[in-house]
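# Working through the structure, step by step
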Amino acid sequence: MSEPMRFVRRTPNDAVENSEPPADKGLRFDRVFSAPGQDPLGEIAWDSRTCAIHNDKGDVIFEQHGVEAPTFWSDMAVNVVASRYFRGKPGSSERESSVRNLLLRVVQTIGLWGRDQEYFASEDDAQAFQDELLALLVHQKASFNSPVWFNVGIDETPQCSACFILSVDDTMESILQWYSEEGMIFKGGSGSGVNLSRLRSSREPLSGGGTASGPISFMKAADASAGVIKSGGKTRRAAKMVILNMDHPDVLEFIRCKAQEEKKAHALIRAGFDPVSPAGAYATVAFQNSNHSVRLSDEFMEADQADASWQTRFILNREPADTYRSRDLLREIAKAAHVCGDPGIQFHTTTNLWHTCPHSGPIRASNPCSEYVHIDDSACNLASLRLTGFFDDQGFKLDEFCHAVDVLITAQEILVDKASYPSLRITQNSKSMRALGLGFADLGAMLMALGLPYDSDEGRAWASTVSALMTGRAYLQSAKLARVKGAFAEFEKNREPMLHVIAMHRDRTRAGNPTGVPGDLVREATDTWEEALELGRDSGFRNCQVTVIAPTGTVGFMMDCDTTGVEPEVALVRYKSLSGGGRLRLVNRTVAHALHRLGYAAESAKDIIREIEQTGTAEGVNGVLPEHLPVFDCAFRPLKGKRCISPEGHLRMMAAIQPFISGAISKTVNLPKETTVEQIEENIRYAWKLGLKAVTFYRDGSKAVQPLDLGDAPGQDRHEPVRRRLPTDCKTVRHKFEVAGQKGYIHTGFYEDGQVGEIFIRMSKEGSTISGLMDTIATLTSIALQYGVPLEALVNKFSHVRFEPSGFTSNPEVPIAKSLTDYIFRYLGHRFLTKEQQIAAGLVVEEHSASSHDLDKTRGAHSEPLGKTTSVNGHTFHPQSDAPACQECGAIMMRNGSCYKCLNCGATNGCS
């Protein structure tokens, strides 16, 4: 390990209010990634590329020629950086065109600011810091959050924080100020969250007469505003979070509101609206631009455990409002999450148990992705380390990792005083508490490369130990910074609780049983916390918080991460878009590392990889030992396989990491389609018992957008297909139809088991072009059915296809058809698919057996248990099957933490 940092005495910076006089004059930096007198960017090879991003129709939506980039950066990484982070009008002379210049713009600016604020003991140390940071970034071992790349070196006082928490009081002036501050945050490329529980309910009086609108009404206006603001001025849609406490009188309406809008979208799609177009179904309904979360206290969860009642209270006088059965409210949360994934859960008591600054105010809210949790009117700038960047064949590079934490925490700290903030209150809180959010990405890839299952004691031991080391080292560096610059201004007010929280982290590290983790890594993590606590007692800390686990969307692309944030591998096979069209199937590179680590010979590994490329799974692959199959388990079940990581496995990994993170973890726990409401309820209870701060559950298939074509998805059966012809005589059904004046007949033939085996379509105008096309469609459909293509897949694919003739029909189940093809396949779906299959295909909306008014009847008294929700017999969890379309290129996005990312152009709708 490199020698620890050395310190010499210096005069404190007069601009910072210090709790105690600083003891050292400046930081000294050793070199680990660079050498004196050598340019870190001059030691690598560069090339010139043409960057291009196409939309879902194949049109070019971004193109830039002559982009200079390191040769080892992938095309995706360069495309993302060029399209997202280069500044200047495209095609103009002012447009940035080099990754080299982008890195220099940011790093040199931070280095200059560090010198101006007297962070360094000497110019040699300043230059060493700058070179080390530059080397970390160019070698993709680390990255800042997006606003730093957007704004640093461009604006004199740039917005540098990705995460903001706002406040809103029960006045119209405060509500309008909330709208204004959110807009400015979105414009700068960041996201914000707010707890609306201070707003009076929709049943409370206004001072001038009448009744208040309530928080849900004001949420709609804020949501509409967010929908038209692109973050970063041009690159991303706004990211926002709204939160409500469980004792607010409008909590039931809040829980249900997004699910109700989801049902409206289903109805619009059934009426013929396109799901994802700019004027389509989801663009028409409310709350599509924000995440929703409910705030659950231990008091509420204990009431649920005891099957006790729960009391909401009016805001103005805190008098009792409504009495509910607590389990009924938890059921409503689970029902809404079952429909649309919202609301998410934030555990209020657990979060505040780990709060380092309780005397400055409680933690009431979070940023949009729930990883930054702190007091109202505060901000946090993020950075991420790519864990696989600190591994080689010899193992974990302990000295490099610790040094990288020191460099990144210092860089993030330098940003705090030079950044701009959208309000005076946020400015004051940000500079007086100085919250930072260092995190990591590529955890899933790291564990697979180590030959460890994600859902295993050994995998969790590695994750918890690395997390403990990262946060302990970050707090240690923060204490060293306090010796140079003074502790953060609110430290003395919060000295006792903060040192108590640091001791809690230390004690959890001591108590761990990290099976299979190298002893030097375990010792370093334990010793680091001891040193951080000791130095913190002496000098305080420069920063109230130091780490979070963000979803690392765009910056994950920039670092060429295989996995993002805390997530496991999504699937063993990926697809690379080719410039000339089409896609290339590629087995994740982590698979080869895992096979090598597990001891497979090179030739055997090649054969295994070749077979995985064909099947999309390690199950049934010749040569893979059964005991190694868990290593290759991914977040989503492959089409031709049964193995995937269980929801409980995701929660257990979060629980292993959470005690060693200052903030929270951004993660959505993906649930298979067949998951019931009751199972979601139990997962919420399990998450609380595990000590998580926040979690979101998302059930596959709950949104009604048209599914992605899975014809070339992982797990496709590559065996020779066999055609199953119908018998000479078979049962048939005749259906007469009319679409926009075009009349015809559909004849459907069946196998002996009742399955559809063929269709014939006869139009009234025989010999016409339409008649010929319909005959072709019928023949192709019949052949597909006889070769085993499920009718459900054909309905999924060809429903909502739009072309003329289109219009009203004579069929009440399909009242409006977008085309003859749309009508034919929606008719087949309604007529011959099961109710569950129709729900999955978006032809009908799932109906709950309990009335939407059932719970309302419980006001003032306990109710009988509500009816169960009909579960959907499911299929493989497809990560893109019901994600929204990318606002930039039109491709279907993928879940990323609590947000979404686009694998085509790199766009995200998160805040990091």
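Residues numbered from 1 in each chain as written. Predicted model: local features only at pLDDT ≥ 70, side-chain atom pairs only at ≥ 80, totals over all residues. Heavy atoms only, no water.

### Overview of the overall build of the protein chain
This is how the line gets drawn: Numbered from the N terminus, helices here are DSSP runs of H or I no shorter than four residues, and strands are runs of E no shorter than two. Three labels apply to residues, based on accessible area from a 1.4 Å probe with only protein chains included: buried if under 20% of the type maximum, exposed if over 50%, partly exposed otherwise in between. When checking whether two residues touch, look at their non-hydrogen atoms; a contact exists if any pair is within 4.5 Å. Residue exposure ignores everything except the shown protein chains as possible cover, and the areas themselves are Shrake-Rupley values with a 1.4 Å probe.
Helix and strand counts for the protein chain stand at 26 helices and 31 strands. Looking at the 912 residues of the protein chain, the share that counts as buried comes to 60%. Long-range contacts, defined here as pairs at least 24 residues apart, represent 72% of the contacts in the protein chain between residues at least 6 apart. Accessible surface, the protein chain: about 34100 Å² in total, of which carbon and sulfur atoms supply 49%.

### Some remarks on the nonpolar core
Put simply, the test is: Buried Ala, Val, Leu, Ile, Met, Phe, Trp, Tyr and Cys residues that are joined via side-chain atoms within 4.5 Å together make up what is termed a nonpolar core.
One finds Phe-144, Leu-296 and Trp-462 to be the most contacted residues of the largest nonpolar core, which totals 195 residues. Element by element, the count of residues in this core is highest for helix 15 (residues 457-485), at 14 residues. Aside from chain neighbours lying at most four places away, what touches Trp-462 is Phe-391, Phe-396, Met-446, Leu-447, Leu-450, Leu-452, Gly-516, Val-517, Pro-518 and Leu-521. Listed in part, the 27 residues of the second largest apolar core include Phe-737, Leu-785, Ala-817 and Leu-828.

### Some thoughts on the packing of aromatic side chains
Quick note on the threshold: Note on aromatic contacts: the rings of Phe and Tyr and the six-membered ring of Trp form a pair at centre separations within 6.5 Å, being stacked when their planes are under 30 degrees apart, edge-to-face when over 60 apart, and tilted otherwise. Note on criteria: charge over ring means Lys NZ or Arg CZ within 6 Å of the ring centre, with the direction from the centre no more than 35 degrees off the ring normal.
Within this structure, the stated rule accounts for 22 aromatic pairs. With 5.1 Å between their ring centres and 55° between their planes, Phe-391 and Phe-396 make a pair best called tilted. The class for Phe-391 is buried, based on a relative accessible area of 17%. Looking at Phe-396, the relative accessible area reads 16%, which means it is buried. Ring geometry for Phe-737 against Tyr-823: centres 5.3 Å apart, planes inclined by 25°, an arrangement best described as stacked. Taken as a pair, Phe-737 in strand 25 (residues 732-739) and Tyr-823 in helix 25 (residues 820-832) lie far apart in primary sequence, 86 residues in all. Among the aromatic residues, ring-to-ring pairing joins Phe-390, Phe-391, Phe-396, Phe-401 and Trp-462 into one connected group. Sitting over the ring of Phe-390, Lys-141 keeps its end group 5.3 Å from the ring centre. Of note, Arg-724 hangs over the ring of Tyr-751, and the distance from its end group to the ring centre comes to 3.8 Å.

### Brief notes about unusual backbone geometry
Put simply, Asp-342 and Pro-343 share a cis peptide bond, and its omega is 5°. Examined against the element boundaries, Pro-343 turns out to sit in the loop between helix 10 (326-340) and strand 14 (344-347). In this chain, Glu-804 is followed by Pro-805 through a cis amide linkage whose omega measures -5°. As for its position among the elements, Pro-805 is in the loop between helix 24 (791-798) and strand 28 (807-808). In this structure, Ser-370 is a non-glycine residue whose phi angle is positive, near 75°. You can see Ser-370 is positioned in the loop between strand 15 (365-366) and strand 16 (373-374).

### Comments concerning the side chain of Ser-384
Of note, Ser-384 is situated in strand 17 (residues 378-386). Among the residues examined, Ser-384 registers a relative accessible area of 6% and is labelled buried. Setting aside its immediate chain neighbours within four residues, Ser-384 contacts Lys-141, Ala-142, Ser-143, Leu-438, Gly-439, Thr-552 and Met-559.

### What about the environment of Trp-149?
Mapping Trp-149 onto the fold places it in helix 4 (residues 146-151). Trp-149 sits 44 residues away from Arg-105 along the chain, and the two C-alpha atoms are 8.9 Å apart. Those residues in contact with Trp-149 that lie beyond four places of it in its chain are Tyr-85, Leu-102, Leu-103, Arg-105, Val-106, Leu-137, Ser-143, Phe-144, Val-555 and Met-558.

### Overview of the packing of helix 9 (residues 298-305) against helix 22 (residues 677-689)
To describe two helices that pack against each other, one gives the angle between their axes and the distance between the axes. As a reminder, the rule being used: Axis angles are defined between N-to-C directions and span 0 to 180 degrees, where every axis is a line fitted to C-alpha atoms and, for a helix, only to the segment in contact. Every angle not falling under 35 degrees, over 145, or within 65 to 115 is termed oblique; those three ranges are roughly parallel, roughly antiparallel and roughly perpendicular. Note on convention: the crossing is left-handed when the near helix lies turned anticlockwise from the far helix by less than a right angle, right-handed when the turn is clockwise. In the scheme used here, Gly and all other residues not listed as nonpolar or charged are polar, with Ala, Val, Leu, Ile, Met, Phe, Trp, Tyr, Cys and Pro taken as nonpolar and Asp, Glu, Lys and Arg as charged.
Interaxial distance between helix 9 and helix 22 falls to 12 Å at its minimum, and their mutual angle equals 125°. Looking at the two axes, helix 9 sits oblique to helix 22. Between helix 9 and helix 22 the crossing geometry is left-handed. Contacts between helix 9 and helix 22 involve Asp-298, Met-301, Glu-302, Asp-304 and Gln-305 from the first element and Arg-685, Trp-688 and Lys-689 from the second. Tallied by class, the residues present in the contact of helix 9 with helix 22 amount to two nonpolar, one polar and five charged.

### A few points about the state of the cysteines
Any covalent bond linking the sulfur atoms of two cysteines counts as a disulfide. Put simply, the rule is: Sulfur atoms of two cysteines make up a disulfide when they are within 2.5 Å.
Considering all chains together, one arrives at zero disulfides under this definition. In this structure Cys-644 is not part of a disulfide, and its nearest cysteine sulfur, from Cys-634, lies 9.3 Å away. Its relative accessible area of 26% is what places Cys-644 among the partly exposed residues.

### Some thoughts on the pattern of salt bridges
Rules: What makes a salt bridge here is a side-chain nitrogen of Lys or Arg within 4 Å of a carboxyl oxygen of Asp or Glu, nothing more.
In total, this model carries 50 salt bridges according to the counting rule given. Salt-bridge contacts for Asp-170 lead to Arg-200; the nearest nitrogen and oxygen are separated by 2.6 Å. Residue Asp-170 is found in the loop between strand 6 (163-166) and helix 5 (172-187), and its partner Arg-200 is found in the loop between strand 7 (191-195) and helix 6 (215-226); the two are separated by 30 residues along the sequence. For Asp-392, the salt bridge is made with Lys-397, and the minimal N-O distance between the two is 3.7 Å. A single network of salt bridges, built from pairs that share partners, joins Asp-304, Arg-331, Glu-681, Glu-682 and Arg-685.

### A short note on the pairing of strand 11 (residues 290-296)
We apply this condition: At least two DSSP bridges between two strands are needed for those strands to be called paired.
Counting buried positions along strand 11 yields seven of seven residues, so the element is predominantly enclosed. The pairing of strand 10 (residues 239-245) with strand 11 spans six bridges and is classified as parallel. When the sheet's bridge partners are listed, Leu-244 is paired in strand 11 with Val-294.

### A few points about the pairing of strand 20 (residues 436-441)
Along strand 20, six of the six residues are buried, which leaves the element largely enclosed by surrounding structure. Here strand 20 shows no split at all, with Leu-436, Leu-438 and Phe-440 on one side and Gly-437, Gly-439 and Ala-441 on the other all buried. Here six bridges tie strand 17 to strand 20, and the two strands are oriented parallel to one another. From the neighbouring strand, Leu-382 faces strand 20, where its bridge partner is Gly-437.

### Quick word on helix 15
The cut-off we apply is this: For a helix, the expected span equals 1.5 Å multiplied by the residue count minus one.
Helix length check: helix 15, at 29 residues, gives a terminal C-alpha distance of 41 Å against a target of 42 Å (1.5 Å per residue), a fit within 8%. Helix 15 sits mainly inside the fold: 27 of its 29 residues count as buried. Note on helix 15: the residue one or two positions beyond its end, Gly-486, has a positive phi of about 95°.

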